[in-house]
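# Results of the structural survey
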Amino acid sequence: MKLIRFASIDGNSNGYWGLMALLAAFILAALGSSYYMEHHGHHVTGMTNQIVWGLPHVFAVFLIVAASGALNIASIASVFNKKAYKPLARLSAVLALALLAGGLMILVLDLGRPDRLIIAATIYNFKSIFAWNMILYSGFMGIVGVYIWTMMDETVGRFNRLAGISAFIWRIMLTTGTGSIFGFLVARQGYDAAIMAPMFIIMSFAFGLAIFNLVLFAAYNGTRRELGDAIVKRLRNLLGVFVAAIMYFVVVFHLTNLYATEHHGVEAFILRDGGIFTQLFWIGQVVIGGLIPLALLYAPQLQGCRKSMALASVLIVLGGLAQMYVIIIGGQAYPLQLFPGMEVSSSFFDGVVNSYTPTLAELMLGLGGVAVSLIVVTLALKALHLLPISLADAVADPHHKD
Amino acid sequence: MKTVNTTDTSKRKFLGGAAAVAGIAIAPGVLLQTVNAKPDNEAVSNKVRWGMLIDTNKCGDGCTDCVTACNTENGLTGFERPETDSQWIRKLTLKDKQTGHVQTLPVMCQHCETAPCVDVCPTGASFKREDGIVLVDKHICIGCRYCMMACPYKARSFVHEDLQDQKDHAPRGKGTVESCTMCVHKVDNGENPACVTACNKEHKAMYFGDLNDANSEISKRLKQYGGKQIRADLGLNPGVRYQGV
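These notes cover the structure that comes with them.

On a plain count of helices and strands, chain B comes out with 7 helices and 9 strands. Every one of the 245 residues in chain B was classed for burial, and the buried ones make up 44%. Counting contacts in chain B only where the partners sit at least 6 residues apart, residues at least 24 apart contribute 62% of the total.

As structure tokens, then:
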């Protein structure tokens, strides 16, 4: 393995500025959507007193989960001392910050009172997982910021491993906090499960890596830098393992529920009778987000085919969004059980499956968060020495033999 | 002079008797509250725990007097959008799947001792008063709706649009979460919540009082006849109890 040289990208091409303009347009649309929602009130969205968290939260939680996963490449390099991943650590850490920023923007702009963010930042109820998350998110920004500094400034390079280990521990805590937002909700049939926290961690591994792969491919293709097969092969195998692990956790989660009679109702709803949620579970999450990517990543005929790996990454992102939709919206659509064993009805939609139709404003707010993440990365690629000039096998593979 | 004196005395006896009869007649509703009402200059104390008891056997099928009274008292005018309009109290119809037995009952914020909404609120806007009443501080609620996700009773509403003609004693705000306040403004004045007052006009299915006072009517009834909690399995020790479910 030779010395790795990093350089910023030129960022002067029409493609670069076109991408920036496109992303800026999405961000403007998101800001407009948020203003529209806040001005008129949330009744102009699909969200109601039944489905209180909607499509914006699907995007937000997905991005926040993916953020901690995107840091994995850096962690593998500095925590587990795998040299092959070292050249990618900078991009990994910057992408993590970018994804978190995008997710948080959505969450904040969907608040009923986003103007009161300062209250959320200064008054804490320490029994609230949300309050923990405020600290975990801002701490993540700080620790990963320092981590990037130790990667890029040789004078503080000796602290790199310490910063890397701190960031790794912090990201595990962060995703535990995100999963526990749902895991700790005792009253809802679809949540109230300790497995939510580790399941979210493994989801973050796959979603974050899938996005990382796509950004890596786009950056190297767009700048015509060389990306060798050795590193791509490693990323490919890693992604496959993570997708399989998600499926394992999903199986355990549902099997546990299926064994307990009290959960048969919600399981029948998600797995069989839930309409859009059942379709999103089987077709979106299991087939598109799980089985097809596994086939694309592991089929012997496709080894070495980057397009199949890129396609698998896209499908994992789509499947991940479907999984978030099933968890967040599906979990609310299934009615609360105030009186188990009774048929319940009221003027307030008790006992009925709640419907939800997302509006354009919510979609644009969600996509705007994605655009924020991407524009941060696109800007950082131009402003910082993030990417190695070459990742050809001769440069990047520690086991390469000339 | 003697005659006049005699006449005066008999009048006083009559008036005194009438007052006593009237006093006995209204005592259950007023006397109890007078004892428990706190002076304005005194902080809310955990010596009392305000609670409600709902006898579902007396609850009128199709009667929504408690709902109407709540809406009127707290200025909850809707926008003809049932999915987003606030409902602080609602009538539930229950049907036993096995036996077909049907009953109705009102459900509102259950004012839990360990309230999940209070636990999950990031800013502490959801809070419980010392006397057990669970409220939302509209000034620091950021509208995240996590409390609505956490409430087992679907008791909370999010204000989805601009409001007009609010009541001074029940301030509300677009973009914040709200729920039954147990008519805290009336309780602090020694009065019953509006739903209880309305119900007592006909069906007399709702009782309000101090769960900590063994001599209060609600405590006596609960001791004598028992009372159930909705989702007792969650161990939240709600302040609202039900008989007949």
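The structure having been displayed, the exposition proceeds.
This part is about the environment of Ser166(A). Of note, Ser166(A) is situated in helix 7 (residues 160-183). Residues Ser166(A) and Val144(A), 22 residues apart in the sequence, show an inter-C-alpha distance of 8.8 Å.

Okay, the packing of helix 11 (residues 276-298) of chain A against helix 12 (residues 306-333) of chain A next. Between two packed helices, the angle of one axis relative to the other and the distance separating the axes together describe the packing. All names here are of chain A. Axis separation between helix 11 and helix 12 bottoms out at 8 Å; the angle between their running directions is 155°. The angle between helix 11 and helix 12 falls in the class roughly antiparallel. Crossing of helix 11 over helix 12 shows left-handed handedness.

Let us look at the interface of chain B and chain A. A common measure of how large an interface is: the accessible area buried when the components associate. At the interface, 46 residues of chain B touch 38 residues of chain A. Of all the elements in the fold, those that place two or more residues in the side of chain B that touches chain A are strand 2 (89-96), helix 3 (116-120), helix 4 (146-150) and strand 6 (157-158) of chain B. Here the side of chain B that touches chain A takes 7 residues from strand 2 of chain B, the largest share from any one element. In terms of residue class, the side of chain B that touches chain A is made up of 22 nonpolar, 10 polar and 14 charged. One ladder, built from 5 bridges, connects strand 3 (residues 342-346) of chain A with strand 2 of chain B; its direction is antiparallel. Across the sheet, residue Glu343(A) finds its bridge partner in strand 2 of chain B, namely Lys95(B).

A word on the packing of helix 9 (residues 229-259) of chain A against helix 11 of chain A. Residues and elements named next belong to chain A. Helix 11 packs onto helix 9 with a crossing angle of 155° between their chain directions and a minimal axis gap of 10 Å. The orientation of helix 9 with respect to helix 11, classified from their angle, is roughly antiparallel. Crossing of helix 9 against helix 11: the hand is left-handed. Along the contact surface, helix 9 presents Arg236, Leu239, Gly240, Val243, Ala244, Ile246 and Met247, while helix 11 presents Gly290, Pro293, Leu294, Leu297 and Tyr298. Split into classes, the residues belonging to the contact of helix 9 with helix 11 amount to 9 nonpolar, 2 polar and 1 charged.

Reading the values: the criteria
- Residues numbered from 1 in each chain as written.
- Chains lettered and ligands numbered in written order.
- Predicted model: local features only at pLDDT ≥ 70, side-chain atom pairs only at ≥ 80, totals over all residues.
- Helix = DSSP H or I, 4+ residues; strand = E, 2+ residues; numbered from the N terminus.
- Buried ≥ 20, exposed ≤ 12 C-beta atoms within 10 Å, placed from the backbone.
- Contact = placed C-beta atoms within 7 Å.
- Axes fitted to C-alpha atoms, helices over the stretch in contact; angles between N-to-C directions.
- Parallel < 35°, antiparallel > 145°, perpendicular 65-115°, else oblique.
- Left-handed = near helix turned anticlockwise from the far one by under 90°.
- Nonpolar A, V, L, I, M, F, W, Y, C, P; charged D, E, K, R; others polar.
- Pairing = 2+ DSSP bridges.

In short, geometric facts, not functional conclusions.
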